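Listed here are the chains, written in short residue letters.
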Amino acid sequence: MIDQLNKLFKSTKQLYKSEAEEVINRFSLIRNSGLLDSSIKNSIAPILKRMAEISASIENIPDNDFKSIHELEREIRSEERILEMLENAISTFISHRNLSTSLSILFEHLYTEIIENDLPFLVISREGEALQTYPSLRNEENELLVGVIGIPLFSVSHLYEWILAGHEFGHIIANKRLNAGIEYAEIGEDDDLDEIKNKVIRNYKMEILADFTAMQIFGPVFLEVLLTEFTGAEPESRGTEDTFVAGKTHPPIPWRIRLCYDQASYFDRMGFNKEFEREGAEEFIKAVESVISERYPREKSEQKYEGYGRVKYTDMVQSGILEMDFENIRDIEDLKKCYKNAYKISELLQKGETITEDEFSPDQIVIGGYLASRAKPTEFKSYTQKVIDLMMKRKV
């Protein structure tokens, strides 16, 4: 029996040793690839160092110490998830080169403008997955080395999806500017009611902050696309009350709509809608309240947590979000300038006239393309392609 156990342990060590070496080889191939930016390749160096340490430590594990072996196995799996993400990024780049590059250009430009520092961005696509932020590539100080955003690229032929992805970008900016979390608090089996509620509110707050940040960066069009996305949801998912699911991360849809609508009123107070009144946009914003009132009644403001109690809408409002300085993310005057140029782009696109890419910034080009698509919905594919062409010319 002991001999069999020893043989099993040695086989297990050999298995994980070979898996660690395979992961190292695959990371090395990515680092030597010509498809990724040098700064992204540099982020792989600390991973290779960790994997080399894991591989070496396997040899030093005492006989029959299965617990230590399984701890190392979890570390290998953690690094392997990053590896798969990078391999997916390369696959996405190869199959959707111009599209993924254009989205990266948009996010990199905005990050540099807001944070006044550079951060490379990767766009990855996995069939069937929703928009997602991947905060995996970090340095030893836990700072992001690469911004990774997962987008179902098959769905981004319409520019409203690009603006909707601003929510994921918002997570990264809110983390940097507002010290917001970027990873969800996990609810443990032994957590009591207060711990559960605090973790849920923390996760909800993180999502709302990402929405508000996207609103400040992209302006009222973000509210438009958010409402467009959510009013198409199934009744059970858009309802005023949702049943608790352990590990739930996103607040109910009505809360996100209402909070973003309230945040949009800030643009009115700052006189922004004078810049946003063309093409029926101001009327759209005014109509939002009636849509919300019809589909998301105000009186139901609690989310049921079966067996756990309730989390109230006011918990979100009173959690300090509305007092945060979003002007620190983007000045309203800069946003007005962005929209002024976006309208110029929209008009030029609709008239079929030439646009000089150096005249306009990536965010102005994307918002302008969206406004043109909204004005002429049947032309949305051609406008998306024109936006991609302009972005790629900027890169050259």
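To keep things clear, this report deals only with the structure shown in the data block. (Residues numbered from 1 in each chain as written. Predicted model: local features only at pLDDT ≥ 70, side-chain atom pairs only at ≥ 80, totals over all residues. Heavy atoms only, no water.)

## Observations concerning the overall build of the chain
Scanning the chain from terminus to terminus reveals 16 helices and five strands. Scored against the burial criterion, the 396 residues of the chain give a buried share of 51%. At a minimum sequence separation of 6, the contacts of the chain that also span at least 24 residues come to 75%. When the accessible surface of the chain is summed, it comes to about 19200 Å², and 46% of that surface belongs to carbon and sulfur atoms. (Helix = DSSP H or I, 4+ residues; strand = E, 2+ residues; numbered from the N terminus. Buried < 20%, exposed > 50% of the residue type's maximum accessible area, 1.4 Å probe, protein only. Contact = heavy atoms within 4.5 Å. Areas by Shrake-Rupley, 256 points an atom, 1.4 Å probe, with all protein chains shown as cover.)

## Observations concerning the pattern of salt bridges
Applying the stated criterion across every chain yields a total of six salt bridges. The shortest N-O distance in the salt bridge between aspartate 191 and lysine 199 comes to 2.8 Å. Accessibility expressed as a relative area gives 24% for lysine 199, which makes it partly exposed. In this structure, the salt-bridge partner of lysine 336 is glutamate 333, at a minimum N-O distance of 3.3 Å. Of this pair, lysine 336 and glutamate 333 both sit in helix α14 (residues 332-351), three residues apart, roughly one helical turn. A relative accessible area of 47% means that glutamate 333 is categorised as partly exposed. One network of salt bridges, with partners in common, ties together Arg330, Asp334 and Asp363. (Salt bridge = Lys/Arg side-chain N within 4 Å of Asp/Glu carboxyl O.)

## Notes on the side chain of glutamate 224
On the secondary structure map, glutamate 224 appears in helix α9 (residues 220-230). Judged by its relative accessible area of 1%, glutamate 224 falls in the buried class. A distance of 2.5 Å separates the side chain of glutamate 224 from the side chain of arginine 374, its partner in a polar contact. (Polar contact = N/O pair within 3.5 Å; in protein donor to acceptor, adjacent residues only side chain to side chain.)

## Observations concerning the environment of serine 102
In this structure, serine 102 sits in helix α5 (residues 97-115). Considering only alpha carbons, one finds serine 102 and lysine 393, 291 residues apart in sequence, at a separation of 9.9 Å. If we skip the residues at most four places from it in the chain, serine 102 touches Trp162, Ile388, Met391 and Met392. Among the polar contacts listed, one links the side chain of serine 102 to the backbone oxygen of asparagine 98, at a separation of 2.7 Å.

## Re the sheet that holds strand β1 (residues 121-124)
With respect to topology, three strands assemble into an open sheet ordered β1-β3-β2, the strand pairing being mixed. Of all the strands in the sheet, just β1 and β2 (132-133) have a single pairing partner and so form its edges. Summarising the sheet, β2 and strand β3 (residues 147-150) pair through two bridges and their orientation is antiparallel. Counted as the bridge partner of threonine 133 is isoleucine 149 from β3. Packing against the sheet, α5 makes contact with β1 and β3, and its axis sits at approximately 145° to β1. (Pairing = 2+ DSSP bridges. Axes fitted to C-alpha atoms, helices over the stretch in contact; angles between N-to-C directions.)

## Considering a negative patch on the surface
Taken together, the side chains of Glu189, Asp190, Asp192, Asp194 and Glu195 present a region of like negative charge at the surface. Inspection of the secondary structure puts aspartate 190 in the loop between α7 (166-177) and α8 (193-218). (Patch = residues over 30% accessible without salt bridge, like charges linked within 9 Å, V, L, I, M, F, W, Y side chains within 5 Å. Lys, Arg positive; Asp, Glu negative; His and termini not counted. Charge placed at Lys NZ, Arg CZ, Asp CG, Glu CD.)

## Structural notes on unusual backbone geometry
The phi torsion at glutamate 116 lies on the positive side, around 60°, for a residue other than glycine. Within the secondary structure layout, glutamate 116 lies in the loop between α5 and β1. Its identity is not glycine, yet asparagine 179 carries a phi of approximately 60°, on the positive side. If you trace the backbone, asparagine 179 turns up in the loop between α7 and α8. On the basis of relative accessibility, which here comes to 70%, the residue asparagine 179 falls in the exposed class.

## Focus on α14
Over its 20 residues, α14 runs 29 Å from end to end, which matches the ideal 28 Å to within 8%, given 1.5 Å per residue. Residues of α14 that are buried: Ile332, Leu335, Lys336, Cys338, Tyr339, Asn341, Ala342, Tyr343, Ile345, Ser346, Leu348 and Leu349. The first or second residue beyond α14 is glycine 352, which carries a positive phi of 75°. (Expected span 1.5 Å × (residues − 1).)

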